[in-house]
Amino acid sequence: ESKRSLSSIKSLFGKKPIYAECGGMLILGESLGDSNGHEYTMSKLLPFKSEIGKLSVGYRKLKAIRTTLIAKEGEELIGHEFHKWQLKPTSNFKDFKHINVSKEDKSNGTLVTPWQISGWGINSFKEGWSNSIFHASWIHLHWPSSNNILKNWIRAIENTRNI
């Protein structure tokens, strides 16, 4: 019901860096369903609806499969996952051509999967959405696992300061 907050997030999308992990990522989807079958509208920036699912918990090893807001291609990071939600894809991505991205961003503003995840008790898989000014993922990153995470975040903020 926080239309003001959702509107604020939408107004910043493509203009200022956005970093969302786990619950923050759920806010970026189309809707959030509760255990009573009620569905709540979210910001509608990412093409999924979320609903309660099975528990997913554990430490994760991440390998960047491309350069994005958080990491350079090939960089390895560490994080953890702890949630009881599942995502239901809804449609193709919206038109992201208005996203202002850095000159190094080869995605041309399109959101791409940032990394390959592996960990105990799971099959390796690709996960998340990212480009040079946006990042959304289930993973709670362990920022000390890489000196570059904070540097990349600061650079994204500096690059969009006057936008």
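Rules behind the numbers
Residues numbered from 1 in each chain as written. Predicted model: local features only at pLDDT ≥ 70, side-chain atom pairs only at ≥ 80, totals over all residues. Heavy atoms only, no water. Helix = DSSP H or I, 4+ residues; strand = E, 2+ residues; numbered from the N terminus. Buried < 20%, exposed > 50% of the residue type's maximum accessible area, 1.4 Å probe, protein only. Contact = heavy atoms within 4.5 Å. Phe/Tyr/Trp six-rings, centres within 6.5 Å; stacked < 30°, edge-to-face > 60°. Salt bridge = Lys/Arg side-chain N within 4 Å of Asp/Glu carboxyl O. Core = buried A, V, L, I, M, F, W, Y, C linked by side-chain atoms within 4.5 Å. Pairing = 2+ DSSP bridges.

**Looking at the overall build of the protein**
Working step 1: What the protein contains, in helices and strands, is three helices and ten strands.
Working step 2: Helices (α) and strands (β) of the protein occur, in sequence order from the N terminus, as α-β-α-β-β-β-β-β-β-β-β-β-α.
Working step 3: With 163 residues in all, the protein has 40% of them scored as buried.
Working step 4: In the protein, the share of contacts with a sequence separation of at least 24, taken over all contacts with a separation of at least 6, comes to 61%.

**Some details on the packing of aromatic side chains**
Working step 1: Summed over the entire model, instances satisfying the criterion amount to four aromatic pairs.
Working step 2: Between phenylalanine 13 and phenylalanine 134, the ring centres sit 5.4 Å apart and the planes meet at 90°, which makes this aromatic pair edge-to-face. Here phenylalanine 13 is found in the loop between α1 (3-12) and β1 (18-21), whereas its partner phenylalanine 134 is found in strand β9 (residues 134-137), with 121 residues between them in sequence. Both residues of the pair, phenylalanine 13 and phenylalanine 134, belong to the buried class.
Working step 3: Pairing tyrosine 19 with tryptophan 143 gives two aromatic rings, centres 5.6 Å apart and planes at 75°, and the pair type is edge-to-face. Remark: tryptophan 143 occurs in the loop between β10 (140-141) and α3 (148-159) and tyrosine 19 occurs in strand β1; sequence separation between them is 124 residues.
Working step 4: Among the aromatic residues, those joined into a cluster by ring pairs are Tyr19, Trp143 and Trp153.

**Details of the pattern of salt bridges**
Working step 1: The full count for this structure, using the stated rule, is three salt bridges.
Working step 2: For the salt bridge of glutamate 39 with lysine 49, the shortest nitrogen-to-oxygen distance reads 3.5 Å. One end of the pair, glutamate 39, is in strand β3 (residues 39-41); the other, lysine 49, is in strand β4 (residues 48-64), with ten residues separating them in the sequence.
Working step 3: On the basis of relative accessible area, glutamate 39 is assigned to the exposed category, the value being 51%.
Working step 4: The exposure class assigned to lysine 49 is partly exposed, which follows from its relative accessible area of 33%.
Working step 5: Ionic pairing is found between arginine 60 and glutamate 81, a salt bridge with its closest N-O pair at 2.8 Å. With arginine 60 in strand β4 and glutamate 81 in strand β5 (residues 76-89), this pair connects stretches of sequence that are 21 residues apart. An identical accessibility class is assigned to arginine 60 and glutamate 81; each is buried.

**A short note on the nonpolar core**
Working step 1: Of all hydrophobic cores here, the largest spans 17 residues; its most connected members are Met25, Leu28, Leu46, Trp129, Phe134 and Ala136.
Working step 2: Of all the elements in the fold, those that place two or more residues in this core are β1, α2 (23-27) and β9.
Working step 3: If we ignore the near neighbours within four places in the chain, the residues touching methionine 25 are Ala20, Leu46, Phe48, Leu87, Trp129, Ala136, Ser137 and Trp138.
Working step 4: In this structure, Leu77, Trp115, Ile117 and Ile139 belong to the second largest nonpolar core, which totals twelve residues.

**Considering the environment of isoleucine 163**
Working step 1: Tracing the backbone shows isoleucine 163 in the segment after α3.
Working step 2: Overall, the relative accessible area of 48% leaves isoleucine 163 in the partly exposed class.
Working step 3: Distance from isoleucine 163 to lysine 15, taken between C-alpha atoms, is 6.4 Å for residues 148 residues apart in sequence.

**Things to note about the pairing of β5**
Working step 1: As defined by bridge partners, β4 adjoins β5 across 13 bridges and the pair is classed as antiparallel. Looking at β5, one finds that isoleucine 52 is bridged to tryptophan 85.
Working step 2: Where β5 lies against β10, two bridges are found, and the strand directions are antiparallel. Across the sheet, glycine 79 pairs through a bridge with leucine 141, a residue of β10.

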